[in-house]
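One letter stands for each residue in the lines below.
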Amino acid sequence: MKATHPQQASNILIVDDTPANLLLLARMLTERGYKTQTVLSGKLALLAARAEPPDLILLDIAMPEMNGYEVCEQFKSDEALKEIPVIFISALSETIDKVKAFRVGGVDYVTKPFQFEEVYARVQTHLNLRRLEKLRDELTHMVIHDLRNPLTVIFGVLELLELKEAKTLSAGTLALLTAARRSVTEMINMISSILDVSKMGAGEMKLQREQCEIDALIRAVVAANQPFQESRTVTVDATGDALSVAVDVGLFRRVIQNLLSNALKYTPAGGNVSIAVAASASEIRVEVADTGPGIAPEYHQRIFEKFGQVGDRHNRVGTGLGLTFCKLAVEAHGGRIGVDSEVGKGSAFWLVLPRAVDSHGTS
Ligand code: ADP
């Protein structure tokens, strides 16, 4: 009997090196109204999923060449495929390493010989969970996206007030307006980072490159942040005469904005932020150094990962997405980003952009 279920059009990729198992599972699932695709190896599974991402993967563990755990790890390290639920298949006679199965990102497992009703129930459960997750993500995305417009209006109004009423308002009131505008700017930046990280992660961001003078762009960002500097000094030092490079100006400006606002946020009053731009024939290097608290070595990689922050949960503010955005944006330009930092001395965030651009616009 065919299932009249909302997931009946869900696409399931079945990976097993034994053709008889593939046929059995495929028949069983198509009878229940699912679309299936069958492949005999992990390599083919990755190719098939990249061509047409499935809704769920049934993955045999014991396969020659690449075993199921390794295949799963590859799926989980691919931004476009990592959210697809993977259910492992193992023979009752084999001992499945359950901890490893979950550690590499599997959500469940079924055993051979198959109990059809059980396989069906597990598949259906994880498809339902995934559908709910997707709905939640879409809703969050929509809310976040729709917050940007009213915030941009508030920003504009605050800026106008600061400019027009500069003479009539007291210094204290003006400082309050500046503080409000700064918070709104931070919110808009956070929203843009969240939206861009999800777009770039899904490979949906196309770079709009145009030739630009990097030092001029940086000086413009510094000037826009001047009201937030307070007693900190910010210097820009550009060496080399060929500072023009083809970048996506909007994205690159926000990379610099993120690095500068972090530097200002973490540098105590009276401290310094120095930005250095250096160019060679093949690369342009930008470094944003501060005299803040510095970052312990174990966090140097982690802060560039999604939600990666220093310290424990209760002390955290912000989203932990600003540097993830910077990394994705710099890598989309074919560049690299990193940090040199020592606790107690300060941090130097650096990025390197290649000058040459390939036909895909990446490097
Ligand atoms: P957020 O600022 O929203 O937390 P980021 O991705 O911009 O997100 O930064 C991640 C973390 O890296 C911050 O929470 C902070 O712990 C650390 N960090 C970033 N920049 C600096 C800096 N200049 N000095 C010290 N720590 C920093």
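Basis of the calculations
Residues numbered from 1 in each chain as written. Predicted model: local features only at pLDDT ≥ 70, side-chain atom pairs only at ≥ 80, totals over all residues. Heavy atoms only, no water. Near = heavy atom within 4 Å. Areas by Shrake-Rupley, 256 points an atom, 1.4 Å probe, with all protein chains shown as cover. Helix = DSSP H or I, 4+ residues; strand = E, 2+ residues; numbered from the N terminus. Nonpolar A, V, L, I, M, F, W, Y, C, P; charged D, E, K, R; others polar. Pairing = 2+ DSSP bridges. Axes fitted to C-alpha atoms, helices over the stretch in contact; angles between N-to-C directions. Buried < 20%, exposed > 50% of the residue type's maximum accessible area, 1.4 Å probe, protein only. Right-handed = clockwise from strand over helix to strand, strands pointing away. Salt bridge = Lys/Arg side-chain N within 4 Å of Asp/Glu carboxyl O. Core = buried A, V, L, I, M, F, W, Y, C linked by side-chain atoms within 4.5 Å. Contact = heavy atoms within 4.5 Å.

Asker: Whenever I open this one, the site of the ligand confuses me. Can you help?
Answerer: With respect to spatial proximity, 19 residues lie near the ligand, and among them N262, D290, Q309, T319 and L323 are the closest. A total of 530 Å² of accessible area belongs to the ligand in isolation, and the protein chains cover 94% of it. Going through the elements one at a time, α8 (249-266), α9 (322-332) and β12 (346-354) are the ones with two or more residues in the shell around the ligand. Ranked by the residues each element gives to the shell around the ligand, the list is headed by α8, at 4 residues. Considered class by class, the residues forming the shell around the ligand number 9 nonpolar, 8 polar and 2 charged.

Asker: What is the right way to look at the sheet that holds strand β2 (residues 35-39) in this model?
Answerer: In sheet architecture, strand pairing relies on hydrogen bonds along the backbone and comes in two forms, parallel and antiparallel. In space, the 5 strands of this open sheet follow the order β2-β1-β3-β4-β5, with parallel pairing throughout. Sheet topology places β2 and β5 (108-112) at the edges, where each strand pairs with a single neighbour. Strand-to-strand, the axes of this sheet are offset by a mean angle of 20 degrees, without reference to chain direction. Pairing geometry for strand β3 (residues 56-60) and strand β4 (residues 86-91), over 4 bridges, is parallel.

Asker: Explain the pairing of strand β1 (residues 11-15) to me, please; I cannot follow it from the model alone.
Answerer: Look at any regular strand and the pattern is simple: side chains alternate between the two faces of the sheet. Within β1, 5 of the 5 residues are buried, which leaves it mostly tucked inside the rest of the structure. On β1, burial covers both faces: N11, L13 and V15 on one face and I12 and I14 on the other are all buried. Inspection of the sheet shows β1 paired to β2 by 5 bridges, in the parallel sense. Looking at the pairing, N11 lines up with K35 of β2. Assessed by its sense of winding, the connection that carries the chain from β1 through helix α1 (residues 19-31) to β2 is right-handed. In the sheet, β1 pairs with β3 via 4 bridges, with the strands oriented parallel. Paired with L13 across the strands is I57, a residue of β3.

Asker: Looking at this structure, I do not really get the pattern of salt bridges. What am I missing?
Answerer: Where side chains of opposite charge bring their charged atoms close, a pairing between them can arise. Summed over all chains, the structure comprises 17 salt bridges. Close ionic contact of K112 with D60 constitutes a salt bridge, the shortest N to O distance being 3.3 Å. Taken together, the residues span a long stretch of sequence, with K112 in strand β5 and D60 in strand β3 at a distance of 52 residues. In this structure K112 comes out as buried when scored by relative accessible area, which is 13%. The salt bridge involving E118 is made with R122; its shortest N-O contact spans 2.9 Å. Of this pair, E118 and R122 are both found in helix α5 (residues 116-164), 4 residues apart, which corresponds to roughly one turn of the helix. Overall, the relative accessible area of 28% leaves R122 in the partly exposed class. Salt bridges sharing common partners tie together D16, D60 and K112.

Asker: Before we go on, may I ask you to explain the nonpolar core in this structure?
Answerer: The nonpolar side chains of soluble globular proteins are, as a tendency, buried together. I214, I218, I275, V286 and L351 are the most contacted members of the largest nonpolar core, which has 44 residues in total. Residue contributions to this core peak at 9 residues, all from α8. Apart from the residues within four sequence positions on either side, V286 is in contact with I214, I218, I256, I275, A276, V277, F349, W350 and L351. Counting 23 residues, the second-largest nonpolar core is a separate cluster that includes L46, M66, F75 and I96.

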